[in-house]
Amino acid sequence: MSKFTLRWGILATGGIAESFSRDLTVNPETRNVKDIQHEIVAAASSSSADRAGEFLKKVGASSSAKAYGSYEELVADKNVDIIYVATPHSHHYQNAMLCLEAGKNVLCEKAFTVNAAQAKKLAEKAKEKNLFLMEAVWTRYFPLSVYVRDIITSGKIGKVQRTFADLSIGTQPEEAFDNSHRMVNPDLAGGALLDLGIYALTWVFQTLYHTQPESARKAPTVVSSLKKYPTGADEMTTMLLTFPRSQELGGDAHGIATTAMRTTPDPDGKGSAGPAIRVQGDKGEVQVFHPAFRPTKTKLVLSDGTVEEKEFVQPGPGKGSGFYNGFGDNKNPEGEGHGMFWEADECAFAIKEGRKEGKYEGLQESIVIMEVMDEVRKQNGMTYPEKIETTKYPTQL
Ligand SMILES: NC(=O)C1=CN([C@@H]2O[C@H](COP(=O)(O)OP(=O)(O)OC[C@H]3O[C@@H](n4cnc5c(N)ncnc54)[C@H](OP(=O)(O)O)[C@@H]3O)[C@@H](O)[C@H]2O)C=CC1
Ligand SMILES: O=C1OC[C@@H](O)[C@H](O)[C@H]1O
């Protein structure tokens, strides 16, 4: 049987574009995926075509892949089936809209947009054009996440009551980033909430919201506190979410999502401080260890005395495929892939099957999460410049 090939265009040539593109070059059979394959057919850099060309060489794309010096040229390429948007948060709305308007399917990096209004507009445009659109929350597609969700829906830990989830990175932001860096720069919609807090929210949502039947899912209420960094972006944010749920499911559930730049749930790098995520039911809990964006270890602890630890090593090409932590250069342990190929596979399966959204986080869920982040920013007076909050398209950034 011939394989379905998804032809990718890569929009931007920064750190995560490199990790993602390297993962696209990994043979899917190494992860036991047989019916689809990926091909990078083009990349574009807003700086120059030369930079796009160097990028294509670096990530191991075929020599026939096209290098463009503008995003507009990329979206006009007829050989491209889907575009991976890998620019800073501030640019996602404009860049993703450019792709959709040109008739391209889109996988857009997290945080999906700057606010929920922009996310809704993208979802409407994708629907109008009958295109696939997905937020690139890669963690949702890991076998580890599938396992955790299955634990919950199978009832193994009983009725789920509460999830604690933290993604904090234990850095000194003053040393790690200058004020123009995307992690702290409000002009690029920087800050802990949109960059890191999204993963804490991902764990809260995929355990307390996504595990409910679709018709039963209700948006949570939220109370929050946020500490600002001198640039005006946030460096630490804490959110308490209440999910309205039926008595049958155990009644309302609480999600505590935290993020911070200066602390870490894993100070010794060995997991000694305990898990970063705890999903608690009335018969036990399932734990997930740091980092919330790329966890590899879980522990199930039940009130009947069962304790089961599991390791989920990312399958892959062998020596360090270039694991990128968002602001530095970090290598995967030998023999591990990065893990962005799972979300890429989902795009291929969806497009092959004619689905228009990701199966483990549809657009409605991305929008609800953006609404939570909007509310947190509103409660704490954190705004971004109007030109990146606007839904006006096109807007020159
Ligand atoms: N899933 C994950 O694990 C990770 C996801 N991310 C997400 O990926 C996105 C990009 O992050 P990352 O790759 O670290 O960022 P980088 O700064 O490394 O790269 C961003 C790229 O966007 C393009 N760009 C266009 N306009 C601008 C602008 N005004 N300022 C800066 N860059 C611009 C540039 O590419 P060019 O010049 O080629 O056009 C640049 O190289 C963010 O949304 C982030 O949240 C980041 C890290 C990890
Ligand atoms: O998505 C991400 O995951 C890893 C983080 O360190 C990074 O900053 C973030 O963008």
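Residues numbered from 1 in each chain as written. Chains lettered and ligands numbered in written order. Predicted model: local features only at pLDDT ≥ 70, side-chain atom pairs only at ≥ 80, totals over all residues. Heavy atoms only, no water.

Participant: Whenever I open this one, the overall build of the protein confuses me. Can you help?
Facilitator: The secondary structure content of the protein amounts to eleven helices and 14 strands. Against the compact-globule benchmark of 21 Å for 397 residues, the protein has a radius of gyration of 20 Å, which places it among compact chains. Here the protein holds 397 residues, and the buried ones make up 56% of them. Put simply, the protein has 46 plus and 51 minus side-chain charges, and the middle of one group is 2 Å from the middle of the other. (Helix = DSSP H or I, 4+ residues; strand = E, 2+ residues; numbered from the N terminus. Rg over C-alpha atoms; globule rule 2.2 N^0.38 Å. Buried < 20%, exposed > 50% of the residue type's maximum accessible area, 1.4 Å probe, protein only. Lys, Arg positive; Asp, Glu negative; His and termini not counted. Charge placed at Lys NZ, Arg CZ, Asp CG, Glu CD.)

Participant: In this structure, what is going on with the UniProt feature "domain: GFO/IDH/MocA-like oxidoreductase" (unreviewed entry) in the protein? I would like to understand it.
Facilitator: In the numbering adopted here, UniProt assigns the feature "domain: GFO/IDH/MocA-like oxidoreductase" (unreviewed entry) to residues 147-286. Secondary structure content for residues 147-286 is 20% helix and 31% strand, and the end C-alpha separation is 10 Å. (UniProt positions renumbered as here; feature names shortened; annotations may be inferred.)

Participant: Would you mind showing me how to read the sheet that holds strand β8 (residues 221-228) here?
Facilitator: In a beta sheet, neighbouring strands pair by backbone hydrogen bonds and run either parallel or antiparallel. Read from one edge to the other, the open sheet built from eight strands follows the order β8-β9-β10-β7-β11-β12-β13-β14, with strand pairing classed as mixed. This sheet does not close on itself; its edge strands, each paired only once, are β8 and β14 (307-311). Going across the sheet, the axis of each strand differs from the next one's by a mean of 10 degrees, ignoring polarity. The pairing of strand β11 (residues 277-281) with strand β12 (residues 284-288) spans five bridges and is antiparallel. Across the sheet, residue glycine 281 finds its bridge partner in β12, namely glycine 284. (Pairing = 2+ DSSP bridges. Axes fitted to C-alpha atoms, helices over the stretch in contact; angles between N-to-C directions.)

Participant: Which parts of the structure should I look at to understand the sheet that holds strand β5 (residues 105-109)?
Facilitator: Strand order in the open sheet made by the six strands is β3-β2-β1-β4-β5-β6, with parallel pairing throughout. Bordering the open sheet on either side are β3 (66-68) and β6 (133-136), each of which pairs with just one other strand. Averaged over all pairs of adjacent strands, the angle between their axes in this sheet comes to 25 degrees, without regard to strand direction. Pairing analysis gives four bridges linking strand β4 (residues 82-85) to β5, with the strands arranged parallel. Across the sheet, residue isoleucine 82 finds its bridge partner in β5, namely asparagine 105.

Participant: How should I be thinking about empty space enclosed by the protein in this particular structure?
Facilitator: Empty space among the atoms can be located by rolling a probe the size of a water molecule over them. Counted according to the given criterion, the structure contains one cavity of 30 Å³ or more. What lines the largest cavity is simply Ser90, Tyr93, Gln94, Gln118, Lys387, Ile388, Thr390 and Leu397. Mapped by element, the contributors of at least two residues to the lining of the largest cavity are α4 (89-101) and α11 (386-389). For the lining of the largest cavity, the element with the highest residue contribution is α4, accounting for three residues. When grouped by side-chain class, the residues that make up the lining of the largest cavity number three nonpolar, four polar and one charged. (1 Å grid on protein atoms, 1.4 Å probe; cavity = no way out; pocket = protein on both sides within 12 Å on 5 of 7 lines; lining within 4 Å. Points joined across faces, edges and corners; volume = space filled by probe spheres on them. Nonpolar A, V, L, I, M, F, W, Y, C, P; charged D, E, K, R; others polar.)

Participant: Quick question: what am I supposed to make of helix α6 (residues 143-153) here?
Facilitator: Count 3.6 residues to each turn of an α-helix, and residues three or four apart come out pointing the same way. Listing the buried residues of α6 in full gives Leu144, Ser145, Tyr147, Val148, Arg149, Ile151 and Ile152. Looking at the buried positions of α6, the neighbouring elements they touch are β7 (160-168), α8 (192-208), β11, β12, β13 (297-302) and β14. Glycine 155 sits one or two residues past α6 and shows a positive phi near 85 degrees. (Contact = heavy atoms within 4.5 Å.)

Participant: In this structure, what is going on with the pairing of β5? I would like to understand it.
Facilitator: Regular strands place side chains that alternate from one sheet face to the opposite one. Most of β5 is tucked away, with five of its five residues classed as buried. Of the two faces of β5, the one lined by Asn105, Leu107 and Glu109 and the one lined by Val106 and Cys108 are each fully buried. Where β5 lies against β6, four bridges are found, and the strand directions are parallel. Considered in β6, the bridge of leucine 107 is made with methionine 134. As a crossover connection, the stretch from β5 through helix α5 (residues 116-129) into β6 is right-handed. (Right-handed = clockwise from strand over helix to strand, strands pointing away.)

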